Amino acid sequence: MSWRRSLYHTLLWAVALLWFAPVAWIILSAFKTREDILATPPKLIFTPTLQNFVDLFNRNTSFTTQFLNSIVLSVTSVVIAVAVSFLAAYAFSRFKPRGTNFLMFLLLSVRMLPGPAVILPIFLMYAAFGWKDSHVALVLFYAMFSIPFSVWILKGFLDGVSIRYDETGRVNGGSWAHVIFRVVLPQVKPGLIAAFIFNLIFVWNEFLFNFVIGGVRTQNIPYALAVGTYSDGGLNWTFIAALTTIYLVPPVLAIYAFQKYLLVGMTFGTVRGEV
Amino acid sequence: MAALADTAALPPPRRRADSHRGLVFVLLAPVLAFFVVFNTIPLLWLLGLSFHSFSLTSGQPPEFVGFRNYVQLWMGRNNFWGDLQRTFTFVGVGVTIQTLLGVGLGLLFWGSRTMPGRRLALTLLFAPMVLTPVATGTFFRFIYDPNFGALNQILLGLGLPMVDFLGNPRTAFWAVLAVDCWMWTPFMILMTLAALGSVPRAELEAAEIDRLPFRKRFTLVILHHGKFILMLGILLRTIDSFKTLDLIIPMTKGGPGQQTRLVAVELNKQAFESFNMGFSSAYAVYLLLVSIAMTSIFIFVLNLRRRRG
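Reading the values: the criteria
Residues numbered from 1 in each chain as written. Chains lettered and ligands numbered in written order. Predicted model: local features only at pLDDT ≥ 70, side-chain atom pairs only at ≥ 80, totals over all residues. Heavy atoms only, no water. Helix = DSSP H or I, 4+ residues; strand = E, 2+ residues; numbered from the N terminus. Buried < 20%, exposed > 50% of the residue type's maximum accessible area, 1.4 Å probe, protein only. Areas by Shrake-Rupley, 256 points an atom, 1.4 Å probe, with all protein chains shown as cover. Lys, Arg positive; Asp, Glu negative; His and termini not counted. Charge placed at Lys NZ, Arg CZ, Asp CG, Glu CD. Contact = heavy atoms within 4.5 Å. Buried area = accessible area lost by both parts, 1.4 Å probe. Salt bridge = Lys/Arg side-chain N within 4 Å of Asp/Glu carboxyl O. Polar contact = N/O pair within 3.5 Å; in protein donor to acceptor, adjacent residues only side chain to side chain. Nonpolar A, V, L, I, M, F, W, Y, C, P; charged D, E, K, R; others polar. Domains from an automatic or database assignment. Axes fitted to C-alpha atoms, helices over the stretch in contact; angles between N-to-C directions. Parallel < 35°, antiparallel > 145°, perpendicular 65-115°, else oblique. Left-handed = near helix turned anticlockwise from the far one by under 90°. Patch = residues over 30% accessible without salt bridge, like charges linked within 9 Å, V, L, I, M, F, W, Y side chains within 5 Å.

1. Here we look at the overall build of chain A
Of the regular secondary structure elements, chain A holds 14 helices and zero strands. Beginning at the N terminus, the succession of helices and strands in chain A can be written as α-α-α-α-α-α-α-α-α-α-α-α-α-α. Seen through its principal axes, chain A has C-alpha atoms that stretch 70 × 70 × 30 Å. Among the 275 residues that make up chain A, the fraction classed as buried is 61%. Accessible surface for chain A amounts to roughly 11,000 Å². Of this, 69% is attributable to carbon and sulfur atoms.

2. A short note on the overall build of chain B
The helix and strand tally for chain B stands at 12 helices and two strands. If you list the helices and strands of chain B from N to C, you get α-β-β-α-α-α-α-α-α-α-α-α-α-α. Per-residue burial over chain B gives 54% buried out of 309 residues. Looking at chain B as shown, the accessible area adds up to about 13,800 Å², and 65% of this sits on carbon and sulfur atoms. Taking the average place of the 27 positive charges on the side chains of chain B and the average place of its 15 negative ones, the gap between the two points comes to 6 Å.

3. A few points about the interface of chain A and chain B
Facing the 108 residues of chain A at the interface are 111 residues of chain B. With both sides pooled, the region where chain A packs onto chain B buries about 10,000 Å², and carbon together with sulfur makes up 78% of that total. Looking at the side of chain A facing chain B, the largest losses of area belong to W19, F95 and M112 of chain A, adding up to 8% of the total buried there. Across the contact surface, chain A and chain B share zero salt bridges. The tally of links between chain A and chain B comes to 13 residue pairs in polar contact (both at pLDDT 80 or more). If you tally residues by element for the side of chain A that touches chain B, the top one is helix α1 (residues 2-30) of chain A, at 16 residues. When grouped by side-chain class, the residues that make up the side of chain A that touches chain B number 84 nonpolar, 16 polar and eight charged.

4. With respect to the environment of F209 of chain A
Residue and element names in this part refer to chain A. As for its position among the elements, F209 is in helix α11 (residues 208-213). We classify F209 as buried; its relative accessible area is 2%. In the structure, F209 is positioned 71 residues away from L138 in sequence and 8.4 Å away in space, judged by C-alpha atoms. Ignoring sequence-local partners within four residues, the contact set of F209 consists of G115, V118, I119, L138, F141, Y142, F145 and G214.

5. Notes on the domain arrangement of chain B
Residue and element names in this part refer to chain B. As assigned here, chain B comprises domain 1 (38-75 + 276-309) and domain 2 (89-272). The gap between the C-alpha centroids of domain 1 and domain 2 is 29 Å. With 16 residues of domain 1 at the interface, the matching set in domain 2 holds 14 residues. Of the roughly 1,500 Å² buried between domain 1 and domain 2 on both sides combined, carbon and sulfur atoms contribute 79%. Among the residues of domain 1 in contact with domain 2, Y283, F298 and L302 are the three that bury the most area, contributing 35% of the side total.

6. Overview of the environment of Q153 of chain B
As for its placement among the helices and strands, Q153 of chain B is situated in helix α6 (residues 150-157). In this structure the C-alpha to C-alpha distance between Q153 of chain B and A207 of chain B, which are 54 residues apart in sequence, comes to 49 Å. Setting aside residues no more than four positions away along its own chain, Q153 of chain B makes contact with T40, P41 and P42 of chain A together with N147 and F148 of chain B. Looking at Q153 of chain B, its side chain comes within polar contact range of the main-chain oxygen of N147 of chain B, at 3.3 Å.

7. Some points on the packing of helix α5 (residues 100-112) of chain A against helix α7 (residues 135-159) of chain A
Residue and element names in this part refer to chain A. It is at 8 Å that the axes of α5 and α7 come closest, and there the two elements cross at 135 degrees. Taken together, the axis directions place α5 and α7 in an arrangement best described as oblique. The hand of the α5/α7 crossing is left-handed. Across the interface between the two elements, M104, L107, L108, V110 and R111 of α5 pack against M144, F145, S146, I147, P148, F149, V151, W152 and K155 of α7. When its residues are assigned to classes, the contact of α5 with α7 shows 11 nonpolar, one polar and two charged.

8. Quick word on unusual backbone geometry
All names here are of chain B. Of the consecutive residues G255 and P256, the connecting peptide bond is found in the cis state with omega at -5 degrees. One can find P256 in the loop between α10 (248-251) and α11 (263-272). In this structure, N78 is a non-glycine residue whose phi angle is positive, near 55 degrees. Of the residues examined, N78 reaches a relative accessible area of 25% and is grouped as partly exposed. Phi at N79 is positive, roughly 55 degrees, even though this residue is not glycine. Note that N79 resides in the loop between α2 (68-74) and α3 (80-110). Judged by relative accessible area, N79 falls into the partly exposed class, the value being 33%.

9. What to know about a nonpolar patch on the surface
Together, F129 and W131 of chain A together with V36, V37, I41 and W45 of chain B line one region of the surface with nonpolar side chains, adding up to about 500 Å² of accessible area. No other element matches the four residues that helix α1 (residues 21-49) of chain B contributes to the nonpolar patch. Residue placement: V37 of chain B occurs in helix α1. Assessed through its relative accessible area of 33%, V37 of chain B is described here as partly exposed.

10. A look at the side chain of T244 of chain B
Residues and elements named next belong to chain B. Locating T244 in the fold gives a position in the loop between α9 (214-242) and α10. Reaching out from T244, the side chain makes a polar contact with the backbone oxygen of S241 at a distance of 2.6 Å. Setting aside residues up to four positions removed in sequence, T244 forms contacts with F90, D180, L262, A264 and V265.

The following block contains the structure:
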């Protein structure tokens, strides 16, 4: 039976590689010269060059700032979002206050609206208060945008943790803080990681909100990709390919490292073990 | 709504909230504060503005016009109904393809626990999801290019006629939809794997011992346990697909003609290129109503299925 097994594994690898092919094409292009990128027929074999990456640092002086902005905006906002979402999800799961269902639905409504509709009133509000082009204002908005999904995932996971733990903790004289952070929190670690990664990848790749309510100081890389593409008259393919390739590395590492948490996370707490 | 997530074996007792009012308030306060400042107030602002005529470029203060924006949209200004219909086609066809492909491939990958390099293979498979959509759109413009694009070079090699995929009104919509499917089928694979993980192993073994044919095993055992997560995946995809924007802007900007103009693309243009704030607000309110209707239907179906199952 082992040849059937090998055949099956070869088939799976073929599917994965087929799906990855366009991404591989982008990565290959990042190591090509401008002539090689535009060559017909497309070149699979070529002399790789690092010139595109060198150019990225030399020509585009705002590159490092934008990269830092991407990191700071996504990490800070998602940390805030997951922290406050955990507290809210705990309250929803344990105490079921009146209107829980309605509030959970209302939270989701943030994610239902198309981007321009969400950002339109925020844009007017930020313009009126002079909050545009501010890291704090952008972080707070991204945090709000990451809250609904986090609350949903975490409530699912918290519902799966028996309330006996809380009761035992309280009966033995533990404070609420002790019960929430020391007893319950460690048990929903997969949910916390899943909520963190999913939202992190979203904010990392977010373009429209950054474009509309951000400014020179808060530009992230997707902004640079959308705007910088048209430099040099025509489309600057070497720039796009090199920047995309660098920018793809962190999220790909994240999904490699935290793969099992993503899978468990998407069960919304209905599975305890490994998926 | 929260009832969806109540899949735990031991649901907590009800209405403990009254005896812990202070604690509940402290726990909910941060999220509620975020919600009021960044959602409720802006939404009320949006609602108010939708009854005004207000252009940022004119420098005039907002002028109250009652329901004029709503009536104009209802009468089909800027081809609202056409764009909405096109968006529904995009969502309907796209999510169907992604679900079928995703479930199929998910089942294929199910037995791969012992596969060498499984983690790496799945990472490669999931990579399209984490690629920046703006970059994906730009790069597929390159791949679809009629002169030097890789796809047309392949067609040329096969002796087929070359096609200007994004420039031809008959192919543009489907070319964009194909990229959306490529990007998001991995998400449905992920949801399928998660759904399969929620099936108790004992029941699968029982089904195997009973020699149930695969079709029956799928409907009776897998769907029975996994449908909640699968439906959730379809719901999330439907919501996100309805909002598709960053993929289309670099690829076609809604063209050629209006062939790839989805509602989010048109709203973006009205709000942030033409700065018709009043009109855009009414547009956004209509879209909110459509999204709420879609989500409610899904949740209704989900709860119904749960009650029966």
